[in-house]
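Structure assessment
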Amino acid sequence: RVYKMNKAQKTLLEIVQNFISNKNNSIDGNILNDIEYLSDIHACTTFVYKGLAKMNLTIPDSIEKKTIASIVMNYKNLSVQDEVIRILHKNGIKCAILKGSSVATYYPDPIYRILGDIDVLVDVQNYYRAIKLLTGDNDCDMKKENHKFHYGFIRHGISIEIHKYVTEYPNDKFGDALESYMSNALDDVDYES
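What comes next is a walk through the structure. Owing to the predicted nature of the structure, the values given are computational and were not obtained by experimental measurement. (Residues numbered from 1 in each chain as written. Predicted model: local features only at pLDDT ≥ 70, side-chain atom pairs only at ≥ 80, totals over all residues. Heavy atoms only, no water.)

Quick look at the packing of helix α2 (residues 32–41) against helix α3 (residues 45–54) now. Relative to each other, α2 and α3 sit at 140 degrees, their axes nearing to 8 Å. Taken together, the residues of α3 that come into contact with α2 (itself represented by L32, I35, S39 and D40) are T45, V48 and L52. Grouping the constituent residues of the contact of α2 with α3 by class yields four nonpolar, two polar and one charged. (Axes fitted to C-alpha atoms, helices over the stretch in contact; angles between N-to-C directions. Helix = DSSP H or I, 4+ residues; strand = E, 2+ residues; numbered from the N terminus. Contact = heavy atoms within 4.5 Å. Nonpolar A, V, L, I, M, F, W, Y, C, P; charged D, E, K, R; others polar.)

Spelled out as structure tokens, the structure:
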């Protein structure tokens, strides 16, 4: 079965392409309501804002307000992330940020990538210690750990997941090879601001 995109979906991709790929597509400005709905569904309103701005089109107030709110939340997320990294480093725990702001560094304007939770990879040996440092002894309930590879909690209103693995490995030879391969992933981590 072949799925064909409608005009609004194609236009949304052209607008996002203007931001991400530094293109300068032109669009039909009469379908901005449909575009806004799609950008909400796909969590790319900030990209639409930047893409429309690049085309010198009038940006609807609602898209501008959502973009400002997203950027403010991104700054809050980044300040909590910075605090988490500082606490872990101060206590000799190597870490790396997965997804989120790490991926954002590859965007033309990183602050426009909407950030959700903070995923922090730590070495297996320091997994429980990192959780205790960040949650405090009273807040840490390991019984609520739903995944075998990470523990989630809220810090300053931001959702954080401490990972001992990037994902759950299969319980077989392939999983053992992956675990072995990833065992030194934190030996060479680059930090960016």
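A separate point is the nonpolar core. The biggest cluster of nonpolar side chains holds 21 residues, and the ones touching the most others in it are L12, I15, I35, V48 and L52. Those elements giving two or more residues to this core turn out to be α1 (7–20), α2, α3 and α4 (61–90). No other element matches the five residues that α1 contributes to this core. Setting aside its immediate chain neighbours within four residues, V48 contacts L12, I15, V16, I35, S39 and I63. (Core = buried A, V, L, I, M, F, W, Y, C linked by side-chain atoms within 4.5 Å. Buried < 20%, exposed > 50% of the residue type's maximum accessible area, 1.4 Å probe, protein only.)

Side chains of strand β1 (residues 95–98) alternate between two faces, with C95 and I97 and A96 and L98 buried alike. In terms of strand pairing, β1 meets strand β2 (residues 118–122) through four bridges, oriented antiparallel. Looking across to β2, one finds that I97 is bridged to V120. (Pairing = 2+ DSSP bridges.)

Turning our eyes to something else, we now look at helix α6 (residues 127–135). Within the span of α6, buried status applies to Y127, A130, I131, L134 and T135. Take α6 and look down its axis: the buried residues cluster within an arc of 110 degrees, on one side only. The secondary structure elements touched by the buried residues of α6 are α4, β2, β3 (150–155) and β4 (158–163). (Arc of directions from axis to C-beta.)

Let us now look at the pairing of β4. Across a regular strand the side chains alternate sides, sitting on one face of the sheet and then on the other. With five of its six residues buried, β4 lies for the most part within the structure. Bridge analysis of β2 against β4 gives four bridges, and the strand direction is parallel. The partner of I118 across the bridge, within β4, is I160. Note that β3 and β4 share six bridges and pair antiparallel.

Relative to the helices and strands, T45 is located in helix α3. A polar contact is formed between the side chain of T45 and the side chain of D40, at a distance of 3.2 Å. (Polar contact = N/O pair within 3.5 Å; in protein donor to acceptor, adjacent residues only side chain to side chain.)

Applying the stated criterion across every chain, the model contains six aromatic pairs. Members of the aromatic cluster, joined through ring pairs, are F19, F47, Y49, Y107 and Y112. (Phe/Tyr/Trp six-rings, centres within 6.5 Å; stacked < 30°, edge-to-face > 60°.)

Looking now at the layout of surface pockets. If you add up the space inside the largest pocket, you get close to 780 Å³. Forming the walls of the largest pocket are 23 residues, and the residues nearest its centre are S101, S102, T105, E192 and S193. Looking at the lining of the largest pocket, the elements that each hand over two or more residues are α4, β1 and α5 (100–104). Here the lining of the largest pocket takes six residues from α4, the largest share from any one element. When its volume is computed, the second largest pocket comes out at roughly 240 Å³. Around the second largest pocket, the lining comprises 17 residues; the ones closest to its centre are D123, V124, K164, M182 and S183. Put simply, the parts of the chain that give the lining of the second largest pocket at least two residues each are β2 and α7 (173–182). When the residues that make up the lining of the second largest pocket are grouped by side-chain class, the tally is nine nonpolar, three polar and five charged. (1 Å grid on protein atoms, 1.4 Å probe; cavity = no way out; pocket = protein on both sides within 12 Å on 5 of 7 lines; lining within 4 Å. Points joined across faces, edges and corners; volume = space filled by probe spheres on them.)

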